[in-house]
Amino acid sequence: MPNFLCTTCGTQYAESDQPPATCAICQDERQYVKATGQQWTTLDKLRLTNRNSLKFKEPGRHAFFQVGEASVLLAFRAEATLKGDPLPPHGATGPGHFALGIAAEDLDGWRKLLQGHGVTIEKEVGWPRGGKSLYFRDPAGNSVELVTPGVWGLPSGW
Ligand SMILES: [Zn+2]
C-alpha cells in the first residue's frame, strides 16, 4: 500500500489504499488548499519524474536545499558568511541544532554508517509517544538529530 503525500505541503500519511479525505496540515487556517482542490501523490509516482540533486549557487559559500514545495533549508559556511561579501556579515556562534526525519527502519543503518565513519553518537532517546532520536555533531559542531516518526503525534505520522 502506498503512503500518500499531499502535493501542497508534502506531508506523508500512513499507508492506505486510498488517500485521506483531507490533509490535516493544509486544513489548518495557517495553510491553504490549492484552488484545484486537495491533490495527492506517492513516492513511486514522484520517482518517475523527480530526483534529488544538490546545486551550489555560489560554490564554497552556501547550499540551498528545497524541502517540499514551500520550504528551503539554507546551509552556510560560517567563515565565508562572516566576511560580509556580498551580503552584510552574518552567522551565529555556539552549536546550533537541527533535525532530519528518517524512516524508523533506517535508524540502525544510520547508526552503523555514522559509527563506521568515526562519528560519535552523543545520545539516543526513545520518546514517550513513539519515535526515536539519535544525536551527533556535524563538522562545525552543530547538534544533528535524526528522528523517526511518532515523536510529536501528528497526523502525518510525525
Ligand atoms: Zn497538505
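Residues numbered from 1 in each chain as written. Predicted model: local features only at pLDDT ≥ 70, side-chain atom pairs only at ≥ 80, totals over all residues.

Caption draft 1: Highlighting the overall build of the protein. A tally of regular secondary structure across the protein gives 4 helices and 9 strands. Secondary structure of the protein in N-to-C order comes out as β-β-α-β-α-β-β-α-β-α-β-β-β. Expressed as a percentage of the 158 residues in the protein, the buried residues total 9%. When contacts within the protein are restricted to residue pairs at least 6 apart in sequence, long-range pairs at least 24 apart make up 35% of them. (Helix = DSSP H or I, 4+ residues; strand = E, 2+ residues; numbered from the N terminus. Buried ≥ 20, exposed ≤ 12 C-beta atoms within 10 Å, placed from the backbone. Contact = placed C-beta atoms within 7 Å.)

Caption draft 2: Representation of the domain arrangement of the protein. Examined at the domain level, the protein breaks down into domain 1 (1-51), domain 2 (52-93) and domain 3 (94-158). One C-alpha centre belongs to domain 1, the other to domain 3, and the line joining them spans 25 Å. (Domains from an automatic or database assignment.)

Caption draft 3: Molecular detail of the sheet that holds strand E2 (residues 12-15). One open sheet holds the 3 strands; their spatial order is E2-E1-E3, and the pairing between them is antiparallel. In this open sheet, the two edge strands, each paired with only one partner strand, are E2 and strand E3 (40-41). (Pairing = 2+ DSSP bridges.)

Caption draft 4: A look at the sheet that holds strand E6 (residues 97-101). One open sheet holds the 4 strands; their spatial order is E6-E9-E8-E7, and the pairing between them is mixed. The outermost strands of the open sheet, each flanked by one partner alone, are E6 and strand E7 (123-126). Within the sheet, the average angular offset between the axes of one strand and its neighbour, ignoring direction, is 20°. Of the strands in this sheet, strand E8 (132-137) and strand E9 (143-147) touch helix H4 (residues 107-116), which is tilted by about 15° from E8. (Axes fitted to C-alpha atoms, helices over the stretch in contact; angles between N-to-C directions.)

Caption draft 5: Region of the structure containing H4. The buried count for H4 comes to 0 of 10 residues, which makes it a mostly uncovered element. Phi for glycine 118, located one or two positions after H4, is positive at around 80°.

Caption draft 6: Quick peek at the nonpolar core. Grouped together as the largest cluster of nonpolar side chains are 5 residues: Phe4, Leu5, Cys6, Cys9 and Cys23. Beyond its immediate chain neighbours, meaning those up to four positions away, leucine 5 contacts Gly10, Thr11, Gln12, Trp40, Thr41 and Thr42. (Core = buried A, V, L, I, M, F, W, Y, C linked by C-beta atoms within 7 Å.)

Caption draft 7: Molecular detail of the pairing of E2. Sheet analysis places strand E1 (residues 3-6) next to E2, joined by 2 bridges and oriented antiparallel. Within E2, the residue paired with asparagine 3 across the bridge is glutamate 15.

Caption draft 8: Summary view of the environment of alanine 104. The residue alanine 104 is located in the loop between E6 and H4 in this model. Judged by the 14 C-beta atoms lying within 10 Å of it, alanine 104 falls in the partly exposed class. Sequence separation between alanine 104 and leucine 146 is 42 residues, and the spatial gap between their C-alpha atoms is 9.9 Å.

Caption draft 9: Examining the environment of cysteine 6 more closely. Along the polypeptide, cysteine 6 turns up in strand E1. Using a count of 25 C-beta atoms within 10 Å as the deciding quantity, one classes cysteine 6 as buried. The contact partners of cysteine 6, leaving out residues within four places of it in the chain, are Thr11, Cys23, Ile25, Cys26 and Trp40.

Caption draft 10: Representation of the environment of threonine 7. Position of threonine 7 among the secondary structure elements: in the loop between E1 and E2. Residue threonine 7 is classed as partly exposed on the basis of its 18 C-beta neighbours within 10 Å. Along the sequence, threonine 7 and proline 19 sit 12 residues apart, while their C-alpha atoms lie 12 Å from each other. With sequence-adjacent residues up to four places away left out, threonine 7 is seen in contact with Gln39, Trp40 and Thr41.

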